[in-house]
Amino acid sequence: MEVLQDMGMTNEQWYADLRNQLEDWEDVRELVQQTPDSPEKELALKKIDRTMKRLRENLEK
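Calculation rules
Residues numbered from 1 in each chain as written. Predicted model: local features only at pLDDT ≥ 70, side-chain atom pairs only at ≥ 80, totals over all residues. Heavy atoms only, no water. Helix = DSSP H or I, 4+ residues; strand = E, 2+ residues; numbered from the N terminus. Rg over C-alpha atoms; globule rule 2.2 N^0.38 Å. Buried < 20%, exposed > 50% of the residue type's maximum accessible area, 1.4 Å probe, protein only. Contact = heavy atoms within 4.5 Å. Areas by Shrake-Rupley, 256 points an atom, 1.4 Å probe, with all protein chains shown as cover. Lys, Arg positive; Asp, Glu negative; His and termini not counted. Charge placed at Lys NZ, Arg CZ, Asp CG, Glu CD. Salt bridge = Lys/Arg side-chain N within 4 Å of Asp/Glu carboxyl O. Expected span 1.5 Å × (residues − 1).

### Observations concerning the overall build of the chain
Consideration 1: A tally of regular secondary structure across the chain gives two helices and zero strands.
Consideration 2: For 61 residues, the compact-globule estimate of 2.2 N^0.38 gives 10 Å, and the chain exceeds it by more than 25% at 17 Å.
Consideration 3: Each principal axis of the C-alpha atoms in the chain carries an extent, and together these give about 60 × 30 × 15 Å.
Consideration 4: Within the chain, the proportion of its 61 residues that are buried is 15%.
Consideration 5: Of all intrachain contacts in the chain linking residues separated by at least 6 positions in sequence, the fraction that spans at least 24 positions is 56%.
Consideration 6: Only carbon and sulfur atoms are counted for the fraction: they give 51% of the accessible area of the chain, which is about 5,400 Å².
Consideration 7: Taken together, the 10 basic and 15 acidic charged side chains of the chain have centroids lying 9 Å from each other.

### A short note on the pattern of salt bridges
Consideration 1: Counted under the stated rule, the structure contains four salt bridges.
Consideration 2: Between Arg-56 and Glu-26 there is a salt bridge, with the nearest N and O atoms lying 4.0 Å from each other. Taken together, the residues span a long stretch of sequence, with Arg-56 in helix α2 (residues 39–59) and Glu-26 in helix α1 (residues 11–33) at a distance of 30 residues.
Consideration 3: Residue classification places Glu-26 among the partly exposed positions, given a relative accessible area of 32%.
Consideration 4: The shortest N-O distance in the salt bridge between Asp-37 and Lys-41 comes to 3.0 Å.
Consideration 5: Judged by its relative accessible area of 64%, Asp-37 is exposed.

### Things to note about α1
Consideration 1: If you check α1, its first and last C-alpha atoms are 33 Å apart, about what 23 residues at 1.5 Å a residue would give, namely 33 Å.
Consideration 2: Looking only at α1, the buried set comprises Leu-18, Leu-22, Arg-29 and Val-32.
Consideration 3: Residues of α1 that are buried make contact with α2.

Structural data, given as structure tokens:
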């Protein structure tokens, strides 16, 4: 019987993933900023900013 071992991520992989996510959200934020003003745009920007803040906080740990 073959035993599979869950290796998980290294710290370096985890931080690299967070940086990649942050870059993606920065791109999304730029796209949203180019759309006409609307209540939905403001809500989207608020949620994007909150997500980016959380990613930055985790990168600082």
